[in-house]
Amino acid sequence: IKVYSYEEMEQSGLPLDILEEMRRFGYARYDVFDGFDCISLEMLDYDDLLLSRGSVLLCLEKERMFCFTSKKEEIESLFLELSEKYTKDRILFSFFEWLTAGDDRAFDSIEQEVMALEQALLSAGKRDCVSEIISLRKRLMVLKKYYEQLWNVLDILIENENGLIDRKNLRSFQMLYRRTERRFQNVLNLRESVTQVRESYEAEVDISLNTTMKIFTVVTTIFLPLTLIVGWYGMNFDMPEYGWKNGYLFVSILSFLFLSAGILFFRKKKWF
């Protein structure tokens, strides 16, 4: 097993055009060539899913494995430790496990955030959770894309087209394949939970908006007869009431009666 930085790729003796092409990937990619396989992997930072710890390009042959990475010292130290205990196939399996070593902690953290946000919406009447929902959706999108592509990589790996993996070790990779499938399904479940929280938040916003609109509607309806009276007596005509000495009192009492009747009506209907 040999570890190189990306600047040292030409020292490996492998085709540079293939290596450069394999570096252009999203999160995970697997390509099969004549006599060797290439695996491109992103190393997620599970403490901050929107960041990356670096990337790794693995080239597998029957008896050798080349590693090109942006984190040479870290990967070299890991492979040195593993090579003292395991064969090449087992080292590759252990490396895949090391890549996802922090995912349980990340899943627990996201799940607790979702539960806390849902509880806040239901009990504390939280009114603004848009930023939290967007943050959760971004992180889960990263996890979904990562595990989806890693799942595809393991699917091709266990096909073992070039026969580079010993058959007795394929069961370990099949187990890893099923584990990655469960992790991918877990991400989908968390995305569904976030979607439910978002829908609950939208329902709360709609209810609040409907309540506000109902209050405005009630107030407008109560004062509508008074608006009619103002419009009626605001006309520039010589009305008989203008000459009546009790006209002002009559209009005041009439307005008060309309206002009281409107309030009593809406209170009886329990509309406010």
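Criteria and cut-off values
- In this numbering scheme, every chain counts its residues from 1 along its sequence in written order.
- Local features are withheld for residues below a pLDDT of 70 in this predicted model, meaning they are given only at 70 or higher, and side-chain atom pairs are given and counted only at 80 or more; totals for whole chains, interfaces and linings count all residues.
- Side-chain numbers come from the whole structure's heavy atoms, not from hydrogens or water.
- Under the scheme used here, helices are H or I runs from DSSP no shorter than 4 residues and strands are E runs no shorter than 2 residues, and both carry numbers assigned from the N terminus.
- C-alpha atoms define the radius of gyration in this analysis, and the globule rule sets the expected value at 2.2 Å times the number of residues to the power 0.38.
- Partly exposed residues are those whose accessible area sits between 20% and 50% of the maximum for their type, while under 20% is buried and over 50% is exposed, using a 1.4 Å probe and protein chains only.
- In this analysis, two residues are considered to be in contact whenever any of their non-hydrogen atoms come within 4.5 Å of each other.
- The accessible surface values rely on the Shrake-Rupley method and a 1.4 Å probe; as for residues, cover is taken only from the protein chains in view.
- In this charge count, Lys and Arg are treated as positive and Asp and Glu as negative; neither His nor the chain ends contribute.
- Note on charges: their place is set at NZ of Lys, CZ of Arg, CG of Asp or CD of Glu.
- Axes here mean lines fitted to C-alpha atoms, for a helix over just the part in contact, with angles spanning 0 to 180 degrees between N-to-C directions.
- Any angle from 65 to 115 degrees is called roughly perpendicular, while one under 35 is roughly parallel, one over 145 is roughly antiparallel, and all others are oblique.
- Residue polarity is assigned by list, with Asp, Glu, Lys and Arg as charged and Ala, Val, Leu, Ile, Met, Phe, Trp, Tyr, Cys and Pro as nonpolar; anything else, Gly included, falls into the polar class.

Notes on the overall build of the chain
(1) Moving on: A tally of regular secondary structure across the chain gives eight helices and five strands.
(2) Moving on: Starting at the N terminus and ending at the C terminus, the chain contains elements arranged as β-α-β-β-β-β-α-α-α-α-α-α-α.
(3) Moving on: For a compact globule of 272 residues, the expected C-alpha radius of gyration is about 19 Å, and the chain comes in at 35 Å, more than 25% above that figure.
(4) Moving on: Taking the principal axes of its C-alpha atoms as reference, the chain extends roughly 115 × 35 × 30 Å.
(5) Moving on: Counting all 272 residues of the chain, 39% fall into the buried class.
(6) Moving on: Looking at the chain alone, contacts between residues at least 24 apart form 61% of all its contacts between residues at least 6 apart.
(7) Moving on: Of the roughly 16,600 Å² that the chain leaves accessible, carbon and sulfur atoms contribute 54%.
(8) Moving on: When the 35 basic and 43 acidic side-chain charges of the chain are each reduced to a single mean position, those positions are 7 Å apart.

Considering unusual backbone geometry
Comment: phi is negative for the bulk of residues other than glycine, and the bulk of peptide bonds are trans.
(1) Moving on: With a phi angle near 50 degrees, N160 is a residue other than glycine that sits in the positive phi range.
(2) Moving on: With respect to the secondary-structure elements, N160 resides in the loop between α5 (130–159) and α6 (167–222).
(3) Moving on: Of the residues examined, N160 reaches a relative accessible area of 13% and is grouped as buried.

Focus on the packing of helix α3 (residues 88–99) against α5
(1) Moving on: Axis separation between α3 and α5 bottoms out at 13 Å; the angle between their running directions is 170 degrees. Classified by the interaxial angle, the pair formed by α3 and α5 is roughly antiparallel. In contact with L92, F96 and L99 of α3, α5 contributes Y146, L150, V153, L154 and L157.
(2) Moving on: Of the residues belonging to the contact of α3 with α5, the class tally is eight nonpolar, no polar and no charged.

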